[in-house]
Amino acid sequence: MAQNRWWAKVLRVLGIILMGITAAFTIMSGAGTTCVALAAEKFGPNMAPLAPYQWLYIIFVLVTTAIGVMGVRATVLLVKGRSNAYRYAIIALILGILVGGIHMVVSRSLRGKSMPVDAVVYITVLTLIVFLIFRIPAIWRGVNFDKTSRDHTGAVAGGMAMMLGSIAVLTVPLWAAATHTFTPGGTNWADAWHWQLNLLGALFILGGLLFTISPILKKMWGEGVLRQAVLGEEAAAKNV
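In this report, the structure presented in the accompanying data block is examined. (Residues numbered from 1 in each chain as written. Predicted model: local features only at pLDDT ≥ 70, side-chain atom pairs only at ≥ 80, totals over all residues. Heavy atoms only, no water.)

Focus on the packing of helix α3 (residues 54-80) against helix α4 (residues 85-111)
Following both chains from N to C, one finds α3 and α4 inclined at 155°, their axes separated by 9 Å at the closest point. One way to sum up the angle between α3 and α4 is to call them roughly antiparallel. Pair α3 / α4 crosses with left-handed handedness. By residue class, the composition of the contact of α3 with α4 is 20 nonpolar, five polar and one charged. (Axes fitted to C-alpha atoms, helices over the stretch in contact; angles between N-to-C directions. Helix = DSSP H or I, 4+ residues; strand = E, 2+ residues; numbered from the N terminus. Parallel < 35°, antiparallel > 145°, perpendicular 65-115°, else oblique. Left-handed = near helix turned anticlockwise from the far one by under 90°. Nonpolar A, V, L, I, M, F, W, Y, C, P; charged D, E, K, R; others polar.)

A closer look at the side chain of S107
Tracing the sequence through the fold places S107 in helix α4. In this view, S107 contacts Y57, G112, K113 and S114; residues no more than four positions away in its chain are not counted. (Contact = heavy atoms within 4.5 Å.)

Quick look at empty space enclosed by the protein
A complete count under the given rule lists three cavities of 30 Å³ or more for this structure. In this structure, the largest cavity spans a volume of roughly 90 Å³. Lining the largest cavity are 13 residues, with T26, T64, G96, G100 and V120 positioned closest to its centre. Those elements that place two or more of their residues in the lining of the largest cavity are α1 (6-32), α3, α4 and α5 (117-134). In terms of residue count, the dominant contributor to the lining of the largest cavity is α4 (five residues). The residue inventory of the lining of the largest cavity, partitioned by class, reads six nonpolar, seven polar and no charged. (1 Å grid on protein atoms, 1.4 Å probe; cavity = no way out; pocket = protein on both sides within 12 Å on 5 of 7 lines; lining within 4 Å. Points joined across faces, edges and corners; volume = space filled by probe spheres on them.)

Some remarks on the pattern of salt bridges
Evaluated as defined, the whole model comprises one salt bridge. In this structure, R108 and D118 form a salt bridge, with 2.4 Å as the shortest nitrogen-oxygen distance. Here R108 is found in helix α4, whereas its partner D118 is found in helix α5, with ten residues between them in sequence. Accessibility expressed as a relative area gives 4% for D118, which makes it buried. (Salt bridge = Lys/Arg side-chain N within 4 Å of Asp/Glu carboxyl O. Buried < 20%, exposed > 50% of the residue type's maximum accessible area, 1.4 Å probe, protein only.)

Have a look at this one:
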């Protein structure tokens, strides 16, 4: 069947990974705007012009975070192959681009810059383009996210997306430092939530590993290997 072709598996994995990473970056963008939304005047003259528009940036925080959560749900639906998975993903991506685009325009008009929101919008645009390409009939017959994959492609892709997302979370203080250090030698505000980011990254890694090996564990359980190890040979024999 078309779903079992190698290229369909590769594209399916690519789509899920891109959606997962986009969702992770969107949530981080929403959470990262919180500090400026609540106290822009404390972050130097570059951010001070945003202070009168605190209400607007609070809206950006809430809406962007909500869209990120939508992206996470879309990723889960894609992994499971639900009938509404593709449509839900497209809606989340379009909303992310619209809200992120407005955020960019507002920030550039007020302070002349809009990074790192730009990067999140660009990633979202890339993911949307890839998903629209998937809709080409010849490709869709193989990829079709609205059907459950008969192999374990979805679980593996979900695990890979979580592990790649953990890398993004754990390295935030490095790649976001340039846009979150407002004076020479000043505080790197991208590292303000140091232990929280490390904990979240560790959970992502653990979750990703569990997702990736879950098909193997299910197979071993079905064959009685794990049942014998967990319940003992006698208990496993009674359950067969």
